[in-house]
Amino acid sequence: MGYVADRWHKTRPKPDDPECGQHKGMVASAAHGKGKRWQARYDDPTGREITSLWATKAEAEREINKQESAKATGSWLDPKAGRVTVERFALDTWLPAQSIIGRSETEYLGALRRYLFPEWGHREIRSIKPSEAGAWQKLLVSKYNLSGTYPNRVARYVRGVFRLAVIDRVIPVSPFEQIPAPAMDETAVQPPDIAEVRQLLAAATIDRWRAMLEVTALTGLRSGEIRGLRLARVDFLRRTMLVDQQLVYEKGKGLYFDELKTGAGLRTLPLNRRVVDVLAAYIERHPVPQSGPGAGLIFTMPAAGLIGESTIDFALKSICKRAGVEPRHWHELRHHYASVLIAGGENPKVVQKRLGHKDVMTTLRTYSHLFAEAEERTRDVLDAAWADPAETGVGTEFSATSGRVPESRTDSGVVAQLRG
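Visitor: Can you walk me through the overall build of the chain in this structure?
Guide: The helix and strand inventory of the chain stands at 15 helices and eight strands. Once local pairs closer than 6 in sequence are excluded, the contacts in the chain between residues at least 24 apart make up 59%. When the accessible surface of the chain is split by element, carbon and sulfur atoms take 53% of a total near 23000 Å².

Visitor: Mind showing me how you'd approach the packing of aromatic side chains here?
Guide: In this description, an aromatic ring pair is defined by two values, namely the gap between the centres and the angle between the planes. Tallied over the full model, the rule gives ten aromatic pairs. For the ring pair Tyr 108 and Tyr 157, a centre distance of 4.2 Å and an interplane angle of 35 degrees mean the geometry is tilted. Taken as a pair, Tyr 108 in helix 3 (residues 102–120) and Tyr 157 in helix 5 (residues 150–167) lie far apart in primary sequence, 49 residues in all. On the numbers, 5.1 Å between centres and 80 degrees between planes, the contact of Tyr 115 with Tyr 144 is edge-to-face. Taken together, the residues Tyr 115 in helix 3 and Tyr 144 in the loop between helix 4 (130–142) and helix 5 connect sequence positions 29 residues apart. Over the face of the ring belonging to Tyr 256 we find Lys 253, whose NZ or CZ atom lies 4.2 Å from the ring centre.

Visitor: Quick question: what am I supposed to make of the pattern of salt bridges here?
Guide: Pairing between side chains becomes possible if they bear opposite charge and their charged atoms approach one another. Summed over all chains, the structure comprises 15 salt bridges. Put simply, Asp 207 and Arg 285 hold a salt bridge, and the shortest N to O gap is 2.7 Å. Here the residue Asp 207 occupies a position in helix 7 (residues 207–219), and Arg 285 occupies one in helix 9 (residues 273–285), the gap between them amounting to 78 residues. Taking the relative accessible area as the measure of exposure, Arg 285 reaches 46% and is therefore partly exposed. Between Glu 225 and Arg 267 there is a salt bridge, with the nearest N and O atoms lying 2.8 Å from each other. Here Glu 225 is found in helix 8 (residues 223–227), whereas its partner Arg 267 is found in strand 8 (residues 267–270), with 42 residues between them in sequence.

Visitor: Would you mind going over the confidence of the model for the chain with me for this structure?
Guide: Looking at the chain, the pLDDT average stands at 81 and 78% of residues meet or exceed 70. Low confidence marks residues 7–32, where pLDDT is under 50. Its contacts with residues over four positions away, or in another chain, come to 56 contacts. Segment residues 394–420: pLDDT under 50, and 25 contacts once partners within four positions in sequence are set aside and those in other chains are kept.

Visitor: Where do I start with the sheet that holds strand 8 in this structure?
Guide: Strand pairing in a sheet is mediated by backbone hydrogen bonds. Such pairs are either parallel or antiparallel. Strand order across the open sheet formed by three strands is 4-5-8, with antiparallel pairing between neighbours. Among the strands making up the open sheet, the edge pair consists of strand 4 (234–235) and strand 8. Inspection of the sheet shows strand 4 paired to strand 5 (residues 240–243) by two bridges, in the antiparallel sense. Looking at strand 5, one finds that Asp 235 is bridged to Thr 240.

Visitor: Would you mind going over unusual backbone geometry with me for this structure?
Guide: Backbone phi values are negative for most residues with the exception of glycine, while trans is the configuration of most peptide bonds. With a phi close to 55 degrees, Arg 239 is a non-glycine residue in the positive phi region. Topologically, Arg 239 is positioned in the loop between strand 4 and strand 5. With a phi angle near 60 degrees, Ala 303 is a residue other than glycine that sits in the positive phi range. Mapped onto the secondary structure, Ala 303 falls in the loop between helix 9 and helix 10 (309–323). When its relative accessible area of 76% is taken as the criterion, Ala 303 is described as exposed.

Visitor: Honestly, the packing of helix 3 against helix 4 in this entry has me stumped. Any pointers?
Guide: For any two helices packed against each other, one specifies the inter-axial angle together with the distance between the axes. Packing of helix 3 against helix 4 leaves a shortest axis separation of 11 Å and a crossing angle of 140 degrees. Judged by the inter-axis angle, helix 3 sits oblique to helix 4. Considering the relative orientation of helix 3 and helix 4, their crossing is right-handed. For the pair formed by helix 3 and helix 4, the contact residues are Tyr 115, Leu 116, Glu 119 and Trp 120 on the first element and Glu 132, Ala 133, Trp 136, Leu 139 and Leu 140 on the second.

Visitor: Could you clarify how one ought to interpret the pairing of strand 5 in this entry?
Guide: Both faces of the sheet carry side chains from a regular strand, because those side chains alternate between them. Alternating positions in strand 5 separate cleanly, Met 241 and Val 243 being buried on one face and Thr 240 and Leu 242 remaining unburied on the opposite face. Count of turn residues in the strand 4/strand 5 antiparallel hairpin: four residues, of which Arg 239 carries a positive phi of about 55 degrees. With four bridges joining them, strand 5 and strand 8 adopt antiparallel strand pairing. Note on strand 8: the bridge partner recorded for Leu 242 is Thr 268.

Visitor: Is there a simple way to think about helix 3 in this case?
Guide: The terminal C-alpha atoms of helix 3, which comprises 19 residues, lie 25 Å apart, in line with the 27 Å expected from a rise of 1.5 Å per residue. Of all the bends in helix 3, the largest measures some 40 degrees and sits at Arg 113. Burial in helix 3 covers these residues: Arg 103, Ser 104, Tyr 108, Leu 109, Gly 110, Ala 111, Leu 112, Tyr 115, Leu 116, Phe 117, Glu 119 and Trp 120. Packed against the buried residues of helix 3 are helix 2 (86–97), helix 4, helix 5, strand 6 (246–250) and strand 7 (254–258).

Thresholds, definitions, all that
- Residues numbered from 1 in each chain as written.
- Predicted model: local features only at pLDDT ≥ 70, side-chain atom pairs only at ≥ 80, totals over all residues.
- Heavy atoms only, no water.
- Helix = DSSP H or I, 4+ residues; strand = E, 2+ residues; numbered from the N terminus.
- Contact = heavy atoms within 4.5 Å.
- Areas by Shrake-Rupley, 256 points an atom, 1.4 Å probe, with all protein chains shown as cover.
- Phe/Tyr/Trp six-rings, centres within 6.5 Å; stacked < 30°, edge-to-face > 60°.
- Lys NZ or Arg CZ within 6 Å of the ring centre and 35° of its normal.
- Salt bridge = Lys/Arg side-chain N within 4 Å of Asp/Glu carboxyl O.
- Buried < 20%, exposed > 50% of the residue type's maximum accessible area, 1.4 Å probe, protein only.
- pLDDT = per-residue confidence, 0-100.
- Pairing = 2+ DSSP bridges.
- Axes fitted to C-alpha atoms, helices over the stretch in contact; angles between N-to-C directions.
- Parallel < 35°, antiparallel > 145°, perpendicular 65-115°, else oblique.
- Left-handed = near helix turned anticlockwise from the far one by under 90°.
- Expected span 1.5 Å × (residues − 1).
- Bend = angle between axes of the 7 residues up to and from the residue.

Right under this line is the structure:
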C-alpha cells in the first residue's frame, strides 16, 4: 500500500502507525507551500520502494492510485526505467539477452554502433517517437546507403531492442509497433547450372579445389562448413554427413573452429553415391592429417594448414577465368545445390532442412523464383501425363494407373543432368 508524505518527513510510518496510509504521514516543514513538496511512496511488484515528488497532495495521491492500479492489472511500469539511454539499454540488457555466438555478437554490436548509436544513443529510450522510428529506418538507405537485405537486417536488430524494452516493462509500447519494417529487397539468385559446374570441374587443375567444388555442389555446404569438414563427420556406410561446426575468421582472433550460427544449421545430410565416391577417392589420394592445425580435416593446405575463405574464393575466380565463365563466389555453389533440389521437385521444407536455414521463409525468399519455375514444370508434367495419345502420338509412355513418368523417360530434363 502506498502513502503520501511531506517530502521533509524523514521517517516512514510503521504499518500500525495511525499516521500511515495513502493520505497520512505528513508533517509541516520550512518549505511548506513551495515547489514539489509532496512525496508519493509505494512498493513496486518486487517490493522495492519507489518515490516521486509532486507539487500538491492531490497529485501525489493520484500517482499512488495510478501505480497501485497498474500493479493490480499487471501493467505496471517503473517510471524511472524509461530514462535509461538507448545505448545503455542496448549494450547492458538487449545484447546479453541474445542467444548468439561470439561472431554474431560482433556483427550485432557493429550494426548498433554504426547506425543506431550515432542517431539515438544518447536519448532516453522512452523519448523515441513512432515518427522518429520511421524516419530512422529511411536513413539506413538515404544516409547510410544500405541496400539489398541489409536495411531489413539492421532494422530487425534495433526493433528487437525496443521489443525487449516493452517485455521488460521499461516502456509501454515500442515506437516501431505500427511502423512496417524495411522491405526485403533480395536479388534473385542466378546460380550456375549443372553444365557450368561441369565446366568449372574440368578447369580446376588443383585436386583440392576440384574436390571441394564438387562436394559443395553436391551438398550445399557453406564455405566455413566445407573448410571445417572432418573425416569423423562422414559416415560412408550409411552415406550421411553430420554438419556441426565451421571454420571461421575473426579479426584479432584469426581462423578458428566455431559452432554453427543457429540450431537449424546443425543437420545430417543424406549423401548420394557420387559425393561419397568423390570424398573416398580424394582421401585415398590425400590422407587426412593426424597433426597440425588441420588435424582430422578432409581438406587442408599443405602441411595441414587451414584454408581461409578468401583463399577458396580466389581459387574459384581463377577457375572461372580458366573455364571462360563469369566470376562466381563460393556461396553460389550452395545456391546451385538448392536449385537442383527445387528443380527435382523437393518441397521448400526439405530444401530448408538440407540448407540449414533457420526458417522456411528464408528459403522461400531466397529461391522464390526457382520455386515458381518448378511450379510451371509441374503443369507441363500434368499436361503431358493426361494428353490424348491419339492427338499427341506419344503412345503409352505414362502409366495409366499412376500418371508417373516411367524410368525409360528419365533420360531427359533434370533427371538426366543429375545422372550425368
